[in-house]
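Residue-level structural notes
Residue-level listing of the chains:
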Amino acid sequence: MLLTMKIALVGSGNISGTYLENAQKFKSFEIVYIADLELARAEAQAMKYGVKALPMSEVFTSDADVILNLTIPAAHGEIALQALEAGKHIYNEKPLAVKLEEAKNMLDLATTKGLRVGCAPDTFLGAGLQTARAIVDAGELGHVVGASLHMLYPGPDSWHPNPAFFFQVGAGPLFDMGPYYLTAVLHLFGAIKRVSAFSSTARQVRQGTNGESFTVETPTHITAILEHITGQLVNVTMSFDAYSGTNANIEVYGSKGALMVGDPNMFGNTQKLRTDEVWQPLENTRPYFENARGVGLADMIQGIHQNRPHRASGELAFHVLEVMHAILAAAQTGVVQHIQSCPPRPAALEIEAADLL
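Source: prediction; values computed, not measured.

Here we take up helix α4 (residues 73-85). Compared with an ideal rise of 1.5 Å per residue, which puts 13 residues at 18 Å, α4 spans 19 Å between its outermost C-alpha atoms and is within 8% of the ideal. Buried within α4 are the following residues: A75, H76, G77, I79, A80, A83 and L84. One or two positions beyond α4, positive phi appears at G87, with a value near 85°.

Below you can see the structure in the form of structure tokens.
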């Protein structure tokens with residue numbers, strides 16, 4: 001028998017609407033509360049989606065089972081620790097936290113209290129990357145030797161009215177978009193054991209569409225090499241300084257073929273497979289082709305009921321965070337960085353399992 005868990009959503013920004021709409025797609029949870037530092041914003045979303053608005057002072061003492069943390073990254077750790085102290089499971093938007101120490105404290109506290117920590121992105125559970133995973137696991141590419149990840153973009157200052165926060169420490173192209181790409185290759189190959197990197201900043205001062213200038217505080221063009229524990233070597237380029245070229249967002253290379261994978265920020269990417277001279281489009285064979293943000297939360301709740309690990313786990317998100325910090329450290333020092341954490345490779349989301357969420 002499926003027991004639906006009650007969710008209290010914290011943070012009523014733009015992404016909250018996606019989670020509130022998508023909640024109707026899943027049987028495992030129901031969003032019943034929404035809270036925000038600005039109660040009026042929470043009340044507006046509550047009225048729109050038929051949930052109850054709460055002041056922040058009441059959210060942790062409510063009867064919610066899980067806190068869905070959609071606050072700004074700098075608040076992810078603080079909110080999560082409060083939730084865990086109150087006996088609630090926690091599911092964070094990415095990244096898990098900004099500081100590694102804060103993220104480790106979160107995982108340690110959850111272990112002590114017997115609670116779950118989950119974290120976005122969950123796009124790797126979508127049709128595109130699950131289809132890619134099935135191809136890799138079936139050996140269609142032969143021995144997989146590596147991959148390339150490309151995220152090249154002129155920067156959000158080209159459209160965002162107040163883009164300065166994208167260029168602060170804890171953001172930039174790596175922390176903003178890196179979790180999608182790194183989680184994708186962790187899902188395909190498993191954990192990363194060491195990294196090397198270089199970085200640059202094309203412009204020290206940038207300007208938003210509102211005309212206000214701001215100082216760039218973090219590298220805006222980063223190139224890294226990752227070595228996975230299973231031997232694959234992965235090239236990574238993350239940029240807020242450049243337009244994209246002809247490469248796919250993700251390319252996987254093997255002894256028998258190659259695979260193009262689309263944007264890991266999306267659920268239903270179109271794949272292309274090459275096992276001779278011609279690239280052939282592939283039909284996605286797994287569910288969640290449309291936007292399904294919240295599937296990671298649904299899987300965490302199912303994992304609690306079934307007493308099994310969940311896929312978008314805190315341990316996986318911590319590993320992503322450690323790798324991102326290591327990339328910046330390698331770029332700054334010129335020294336190869338060894339990764340300490342080593343989470344298990346998440347299980348594939350089979351069709352039968354997806355049907356239960």
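This brings us to the pairing of strand β14 (residues 258-261). By the bridge criterion, four bridges tie strand β13 (residues 250-254) to β14 in an arrangement that is antiparallel. Directly across from V252, in β14, lies its bridge partner L259. Hairpin connection of β13 to β14: three residues between the antiparallel strands. Here three bridges tie β14 to strand β15 (residues 271-274), and the two strands are oriented antiparallel to one another. Within β15, the residue paired with M260 across the bridge is K272.

All right, on to the sheet that holds strand β2 (residues 29-35) then. The parallel open sheet is built from six strands, whose spatial order is β3-β2-β1-β4-β5-β6. Only two strands of the sheet have a single neighbouring strand rather than two, namely β3 (52-54) and β6 (117-119). Here the average twist between neighbouring strands, direction ignored, is 30°. Sheet topology note: the strand β4 (residues 66-69)/strand β5 (residues 89-92) ladder contains four bridges and is parallel. Looking at the pairing, N69 lines up with N92 of β5. On top of the sheet, helix α2 (residues 39-49) reaches β2 and β3; it is set at about 170° to β3, its chief contact.

Right, let's get into the environment of I351. Along the polypeptide, I351 turns up in helix α10 (residues 351-355). Exposure remark for I351: the relative accessible area of 36% places this residue in the partly exposed category. Residues contacting I351, with those up to four places away along its chain left out, are T285, R286 and P287.

A word on the nonpolar core. Grouped together as the largest cluster of nonpolar side chains are 110 residues, with contacts concentrated most on I31 and L226. Beyond its immediate sequence surroundings of up to four residues, L226 is in contact with L182, I192, R194, V195, Q232, L233, V234, V236, V323 and I327.

Let us look at the packing of α4 against helix α5 (residues 100-113). As a packed pair, α4 and α5 sit with axes 10 Å apart at the nearest point and diverge in direction by 10°. By the criterion of interaxial angle, the relationship of α4 to α5 is roughly parallel. Here H76, G77, E78, A80, L81, L84 and E85 of α4 lie close against α5, whose contacting residues are E102, N105, M106, L109, A110 and K113. The class makeup of the residues in the contact of α4 with α5 is six nonpolar, three polar and four charged.

With that out of the way, let us pick up empty space enclosed by the protein. Scanning the entire structure with this criterion turns up two cavities of 30 Å³ or more. Each pocket or cavity is described by its volume, and for the largest cavity that value is around 90 Å³. The wall of the largest cavity is formed by 16 residues, among which A120, P121, T183, A317 and V320 lie closest to the centre. At the level of secondary structure, the elements contributing two or more residues to the lining of the largest cavity comprise α7 (172-189) and α9 (314-333). Ranked by the residues each element gives to the lining of the largest cavity, the list is headed by α9, at five residues. Along the lines of polarity and charge, the residues of the lining of the largest cavity split into 13 nonpolar, two polar and one charged. Taken as a whole, the second largest cavity spans an internal volume of roughly 40 Å³. Taken together, Y19, E93, A120, P121, D122, T123, Y180 and R293 make up the lining of the second largest cavity. Looking at the lining of the second largest cavity, its residues break down into four nonpolar, one polar and three charged.

Procedures and definitions
- Residues numbered from 1 in each chain as written.
- Predicted model: local features only at pLDDT ≥ 70, side-chain atom pairs only at ≥ 80, totals over all residues.
- Heavy atoms only, no water.
- Helix = DSSP H or I, 4+ residues; strand = E, 2+ residues; numbered from the N terminus.
- Expected span 1.5 Å × (residues − 1).
- Buried < 20%, exposed > 50% of the residue type's maximum accessible area, 1.4 Å probe, protein only.
- Pairing = 2+ DSSP bridges.
- Axes fitted to C-alpha atoms, helices over the stretch in contact; angles between N-to-C directions.
- Contact = heavy atoms within 4.5 Å.
- Core = buried A, V, L, I, M, F, W, Y, C linked by side-chain atoms within 4.5 Å.
- Parallel < 35°, antiparallel > 145°, perpendicular 65-115°, else oblique.
- Nonpolar A, V, L, I, M, F, W, Y, C, P; charged D, E, K, R; others polar.
- 1 Å grid on protein atoms, 1.4 Å probe; cavity = no way out; pocket = protein on both sides within 12 Å on 5 of 7 lines; lining within 4 Å.
- Points joined across faces, edges and corners; volume = space filled by probe spheres on them.

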